[in-house]
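Observations on the model geometry
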Amino acid sequence: MPRTLIRKNPSNFKTLPLHVEATPEGLSYQSVGMPLNFAQTLQRRKPVEVADPERFALELANLGVSVRLTLHWQNRDYWVLVRQRRQDRGDVVLKLISGYVPAHELNLPLHTAIQEIAEECLLETPEGWLSGRFNDTWLPAPYSAALHYREALPFRLSPLSGAARPVRCATTQLIERPRAYVHLPTASLQLIYDLRLEVPKEAKSLSLFHVDERLEGDQLVARLDRQRPDLYLMPLKDGQPLAELYTVKKDQLYPASTRGLYLAESFAQQEGWVVREERIRWKDWLRQQGLAVPEKESKLKRLAKRVLRKIVPKKKAKA
């Protein structure tokens, strides 16, 4: 049974539309107009077009932020993806941890990104849920009224190398150099921060869960569903992703099905400063990345192995 962690009034959230200017050298944005609530923002997220993906000026509905989170656990690296049913677009995708940037944080979207990690990526051990730190700053504990957090054993967030082209809010360059793209179907500017999450070695029997807010009636509700962890790990080898997906429960990796899977638009091809797709099929993304799907053993091959093990006796240990 899903457990309700928090309820919010969505009308308390306000963001601002943006004026964006892009050139081959960089991109800048600044707020325009009056603050909008969540419903008003969704109404403005309608398709836009640009003639030149490297050079344009246009007004957009909102600023969004995502985190390409590299989780370091048991001496291996993984990208963290979460499952989301996108009510405004009527689909289900795996995506990066992400959210809308509120009006008061437009000039510091990194702060929003860190809060999204605290809200969406939950790490559980038998002694409680892990708190987190970014450099010397503690992450918020958004569900402390419902969950027990362990402050003595925090995970640690740190920035990875940023994008090559600068992004500015008005005249101020954003720290940690996020990657930026304008998503034409939703008229939004999206920033992606590259961050690393290191799980403490002392954290045993780890389980990972994704919690996301959903609009239910006149409230935003966040629930924890242990039957559907909805947080997935994509292993990396030498910094490059492998064509595999897993969930984690009590220190064990469990393969996740990729049948009929779609990834969010941040995985789609970017042209200049723009992304034109709503989503991309998992198989198409693998092909785009030049990744091969791991070959599954046939039932006949597995049967042959079992028979061979019975026929060939094990070597006796030497005295």
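Just above sits the structure.
Below you will find a few notes about this structure. (Residues numbered from 1 in each chain as written. Predicted model: local features only at pLDDT ≥ 70, side-chain atom pairs only at ≥ 80, totals over all residues. Heavy atoms only, no water.)

Quick word on the overall build of the protein
Condition: Where helices and strands are cited, they refer to DSSP runs of H or I of at least four residues and of E of at least two residues respectively, numbered from the N terminus. Burial here depends on accessible area, computed with a 1.4 Å probe over protein chains only, as a share of the maximum for the residue type. Under 20% is buried, over 50% is exposed, and the range in between is partly exposed. By definition, residues are in contact when any of their heavy atoms lie within 4.5 Å. What sets the accessible areas is the Shrake-Rupley method with a 1.4 Å probe; for residues, cover comes only from the shown protein chains. His is not counted here, nor are the chain ends, while Lys and Arg score as positive and Asp and Glu score as negative. For charged residues, the charge sits on one atom: NZ in Lys, CZ in Arg, CG in Asp, CD in Glu.
If you tally the helices and strands in the protein, you get 4 helices and 26 strands. Seen along its three principal axes, the alpha-carbon backbone of the protein occupies a region of about 80 × 45 × 40 Å. Of all 319 residues assigned to the protein, the portion counted as buried reaches 47%. In the protein, of all internal contacts separated by at least 6 residues, the share reaching a separation of at least 24 is 64%. Split by element, the accessible area of the protein, about 17,500 Å² in all, is 50% carbon and sulfur. If you average the places of the 50 positive and of the 37 negative side-chain charges in the protein, the two averages end up 11 Å apart.

Some details on the pattern of salt bridges
Going by this rule: A side-chain nitrogen of Lys or Arg and a carboxyl oxygen of Asp or Glu constitute a salt bridge if their distance falls within 4 Å.
Under the criterion given, the structure shown has 15 salt bridges. Taking the shortest distance from any N to any O, the salt bridge between Lys8 and Glu119 comes out at 4.0 Å. Of this pair, Lys8 sits in strand β1 (residues 3-8) while Glu119 is found in helix α2 (residues 109-120), placing the two residues 111 residues apart along the sequence. Judged by relative accessible area, which is 31%, Lys8 ranks as partly exposed. For the salt bridge of Glu216 with Arg223, the shortest nitrogen-to-oxygen distance reads 2.6 Å. The exposure class of Glu216 is partly exposed, given its relative accessible area of 34%. Three or more residues are tied together by salt bridges with common partners; here these are Lys8, Glu119 and Glu213.

Looking at the environment of Leu261
Note that Leu261 resides in the loop between β23 (252-255) and β24 (262-264). Taking the relative accessible area as the measure of exposure, Leu261 reaches 15% and is therefore buried. If sequence neighbours within four positions are ignored, Leu261 has contacts with Leu94, Leu245, Arg281 and Trp282.

Structural notes on the sheet that holds strand β3 (residues 26-31)
As a reminder, the rule being used: Being paired, for any two strands, means DSSP has found at least two bridges between them.
One open sheet accounts for 5 strands, arranged β4-β2-β3-β13-β14; its pairing is mixed. The two strands at the open ends of the sheet, each matched to only one other strand, are β4 (56-60) and β14 (172-173).

Focus: helix α3 (residues 282-289)
This is how it is decided: Taken from the helix axis, the directions to the C-beta atoms give the arc we talk about.
Considered for burial, the residues of α3 that qualify are Trp282, Trp285 and Leu286. With its buried residues spanning 100° around the axis, α3 presents them on a single face. The exposed set on the far side of α3, more than 90 degrees from its buried face, consists of Lys283 and Arg287.

Thoughts on the side chain of Thr125
This is how the line gets drawn: A 3.5 Å cut-off defines polar contacts: any pair of N or O atoms within that distance qualifies, except that in protein one atom must be a possible hydrogen donor and the other a possible acceptor, and neighbouring residues in sequence count only when both atoms are side-chain atoms.
Here Thr125 lies in strand β9 (residues 121-125). In this structure the side chain of Thr125 is engaged in a polar contact, spanning 2.8 Å, whose partner is the backbone oxygen of Gly128. Residues contacting Thr125, with those up to four places away along its chain left out, are Leu130, Arg150, Ala203, Lys204, Ser205 and Leu206.

A look at the nonpolar core
Put simply, the rule is: Take the buried Ala, Val, Leu, Ile, Met, Phe, Trp, Tyr and Cys residues and link them wherever side-chain atoms come within 4.5 Å; each set so joined is a nonpolar core.
With 57 residues, the main nonpolar core has Tyr29, Ile117 and Leu189 as its most contacted residues. Looking at this core, the element that brings in the most residues is strand β5 (residues 62-73), giving 6 residues. In this structure, Tyr181, Ala256, Phe267 and Ala268 belong to the second largest nonpolar core, which totals 21 residues.

Observations regarding the packing of aromatic side chains
Our working rule: Only the six-membered ring of Trp is used, alongside the rings of Phe and Tyr, when aromatic pairs are assigned; centres must lie within 6.5 Å, and planes under 30 degrees apart are stacked while those over 60 apart are edge-to-face, with the rest tilted. Throughout this description, the term charge over a ring refers to an Arg CZ or Lys NZ atom that lies within 6 Å of the ring centre and within 35 degrees of the ring normal.
Using the criterion set out here, one finds 6 aromatic pairs in the structure. An aromatic cluster is built from Phe13, Phe38 and Tyr100, whose rings are joined through pairwise contacts. If you follow Arg165 out to its NZ or CZ, it ends over the ring of Trp273, 4.0 Å from the centre.

Structural notes on the environment of Glu119
Note on Glu119: relative accessible area 19%, which makes it buried. Sequence separation of Glu119 and Ile97 is 22 residues, and the distance between their C-alpha atoms is 9.4 Å. Residues within four places of Glu119 in sequence aside, it is in contact with Lys8, Pro142, Tyr143 and Val211.

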